[in-house]
Amino acid sequence: MLADLSVSLWRGGKDGRYETYSVPQRASQTVLDVVTFVQRHIDPTLSYRFACRVGVCGSCAMTVNGRPRWTCRTHVAKVAGSGHLEIGPLENLPVIKDLATDMQAFFEKWQKAQGVFAPTKTRHDEIEQIRPDSAARRLVDAAIECINCGVCYAACDTVRWNQDYFGPAALTRAWTLVNDERDAGGTARLQAVAAAGGCHSCHSHQSCQELCPQSLNPTAAIAGLKRRTTAAYLKGEIKA
Amino acid sequence: MHRGSALWIAAMVHRLSGLALAIFLPLHFLALGLAIDGEAKLESFLRWTDQPLVKFAESGLVFLLTVHLLGGLRVLVIENLDWRDGQKQLATLAAAISAIIAFIFLARVF
Amino acid sequence: MTMRLYVWQRATAALMVPLVLVHIAVIFYATRKGMTAADILSRTHGSIMWASYYGLFVSAASIHASIGVRNVLTEWSPLTDRRAGSFAVVFGLLLAALGARAVFAVVLS
């Protein structure tokens, strides 16, 4: 029999506190299993988010022993070395209650960075032929699998220090669109990511790249945006 | 904790060394400006800097300058060249090179 | 950071890479045992080369350091972006003035 886990969960809003629970350990247990156990068997007032519980939806991200992670894909055995877990809501986002955060700012910045596809064709036009091995498409494919989990945003110190900063996810999505041949966003999108709080605020700490559960590389995507915007600026296509 | 990662530390060292150099620079300019009234004042200042403690601080400055330069190169490479692997090792190497250069400076002045 | 500040920051950084490397060599040379102020000044006096080199260095450093300081202030201090910018401009001008004076001191006085 494995010893019980000591699990501290954040309860309340911004001015809440950690409360500790005792949770039985099981083989192959995930952190999400632990949180779910508390809510179902100890305290039904615990608030938290999850959906797919198999690592494809991005809903269950939380701060686990100081690091933002997908709780459904984090084995307890991997992180609770000392038999203790501390689980809190994602950082850099307002806490609604307990382990659930308000992701509105995250998505608003997505819009500000123009991380939205701008179509050029209608259903009546011929389908665009995109070669998957073209240089541009390779860049898109390397950055497209973002599921908006918020781990990068929570990990980023520049987000923490600079309220205006769009953050890694929004900028990475903008980058995929900049490289998408079908997209008509053009210089307007470059202007958007060159705004205050845009790509130039990134200091290449690379916490995003290190922690992204999808192995994306926002640092590289943002560096790409820096190059494109600088070129556009020097050519007079966008303003300061 | 991702905050302890080599690249995060590299960025932090870059920032802190920059701040330190920014504070140092006006003092450096004032010291050199002593030569305005002829070499005597500059000479007595230079002799003041012969003290071991000052030499130690100077080697610290050499470290800060070198590490800031190398950290800046890190940023310029990431932002302007293709992505490369092995960045953590390069960051650690940069810190080591800076320390060695500062140490050589210190060794020479004693 | 705006586009303009970013470009100036990175451009002065790139410019200063070779300038700093030369400066480190100068530091090592100038701190050899027995070097006096007279030794140093006799080498810099009336030198167009040193005036140009350090004049360029001071200009680049003033721009680069002030933008850097602005970034740190906007992220780590409670100052507004505008106040941080004003402080940075003043700081940059101070560096440029003191730096120009220092270059003058070693080359011309």
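1. Topic: helix H7 (residues 168–178) of chain A
The buried fraction of H7 of chain A is high, at 11 of 11 residues. Next to the buried residues of H7 of chain A lie helix H3 (104–112), helix H4 (135–143), helix H5 (151–155), helix H8 (186–193), helix H9 (207–211) and helix H10 (218–234) of chain A.

2. Quick word on the environment of alanine 20 of chain B
Residue and element names in this part refer to chain B. Within the secondary structure, alanine 20 is located in helix H1 (residues 6–33). Exposure remark for alanine 20: the 16 C-beta atoms within 10 Å place this residue in the partly exposed category. Residues alanine 20 and arginine 74, spaced 54 residues apart in sequence, show a C-alpha to C-alpha distance of 19 Å.

3. A short note on the interface of chain C and chain B
The partner chain B presents 25 residues to the 27 residues of chain C that form the contact. At the level of elements, helix H1 (3–30), helix H2 (37–44), helix H3 (48–76) and helix H4 (81–107) of chain C are the ones that each hand at least two residues to the side of chain C that touches chain B. A per-class count over the side of chain C that touches chain B returns 20 nonpolar, 5 polar and 2 charged.

4. Focus: the nonpolar core
If you look at the biggest cluster of nonpolar residues, it comprises 65 residues, and the most contacted ones within it are Ile87, Leu171, Ala174, Val193 and Leu225 of chain A. For this core, the leading source of residues is H7 of chain A, giving 7 residues. Two domains each donate at least three residues to this core, and these are domain 1 (5–101) and domain 2 (104–234) of chain A. Within the second largest apolar cluster, 28 residues are counted, among which are Tyr54, Ile67, Leu95 and Val106 of chain C.

5. Re the domain arrangement of chain A
All names here are of chain A. On domain assignment, one finds that chain A holds domain 1 (5–101) and domain 2 (104–234). Placing the centre of domain 1 and that of domain 2 at their C-alpha centroids yields a distance of 29 Å. Counting residues at the interface gives 13 residues for domain 1, matched by 15 residues for domain 2. Every element with two or more residues in the side of domain 1 that touches domain 2 is listed here: strand E3 (61–64) and strand E4 (67–70). The element contributing the most residues to the side of domain 1 that touches domain 2 is E4, with 4 residues. Classifying every residue of the side of domain 1 that touches domain 2 gives 6 nonpolar, 3 polar and 4 charged.

6. Focus: the interface of chain B and chain A
Contact with chain B, which involves 11 residues of that partner, is made by 16 residues of chain A. Only H1 and helix H3 (52–80) of chain B provide two or more residues apiece to the side of chain B that touches chain A.

7. A look at the sheet that holds E4 of chain A
All names here are of chain A. Taken together, the 5 strands give an open sheet; going across it, the order is E2-E1-E5-E3-E4, and neighbouring strands pair in mixed fashion. Every other strand in the sheet has two partners, leaving strand E2 (17–23) and E4 as the edge strands with one partner each. Taken over all neighbouring pairs, the strand axes of this sheet differ in orientation by 35 degrees on average, direction set aside. Against the sheet, helix H1 (residues 31–42) makes contact with strand E1 (5–11), E2, E3 and strand E5 (84–88), and its axis sits at roughly 90 degrees relative to E2, the strand it touches most.

8. Quick word on the packing of H1 of chain B against helix H4 (residues 87–108) of chain B
Residue and element names in this part refer to chain B. Orientation of H1 relative to H4, taken along the N-to-C sense of each, is 40 degrees, at an axis distance of 9 Å. Classed by the angle they form, the pair H1 and H4 counts as oblique. Seen from above, H1 lies across H4 with left-handed handedness. Judged by residue contacts, Ala6, Leu7 and Ala10 of H1 engage Gln87, Lys88, Ala91 and Thr92 from H4.

Each value, and the rule that gives it
- Residues numbered from 1 in each chain as written.
- Chains lettered and ligands numbered in written order.
- Predicted model: local features only at pLDDT ≥ 70, side-chain atom pairs only at ≥ 80, totals over all residues.
- Buried ≥ 20, exposed ≤ 12 C-beta atoms within 10 Å, placed from the backbone.
- Helix = DSSP H or I, 4+ residues; strand = E, 2+ residues; numbered from the N terminus.
- Contact = placed C-beta atoms within 7 Å.
- Nonpolar A, V, L, I, M, F, W, Y, C, P; charged D, E, K, R; others polar.
- Core = buried A, V, L, I, M, F, W, Y, C linked by C-beta atoms within 7 Å.
- Domains from an automatic or database assignment.
- Pairing = 2+ DSSP bridges.
- Axes fitted to C-alpha atoms, helices over the stretch in contact; angles between N-to-C directions.
- Parallel < 35°, antiparallel > 145°, perpendicular 65-115°, else oblique.
- Left-handed = near helix turned anticlockwise from the far one by under 90°.

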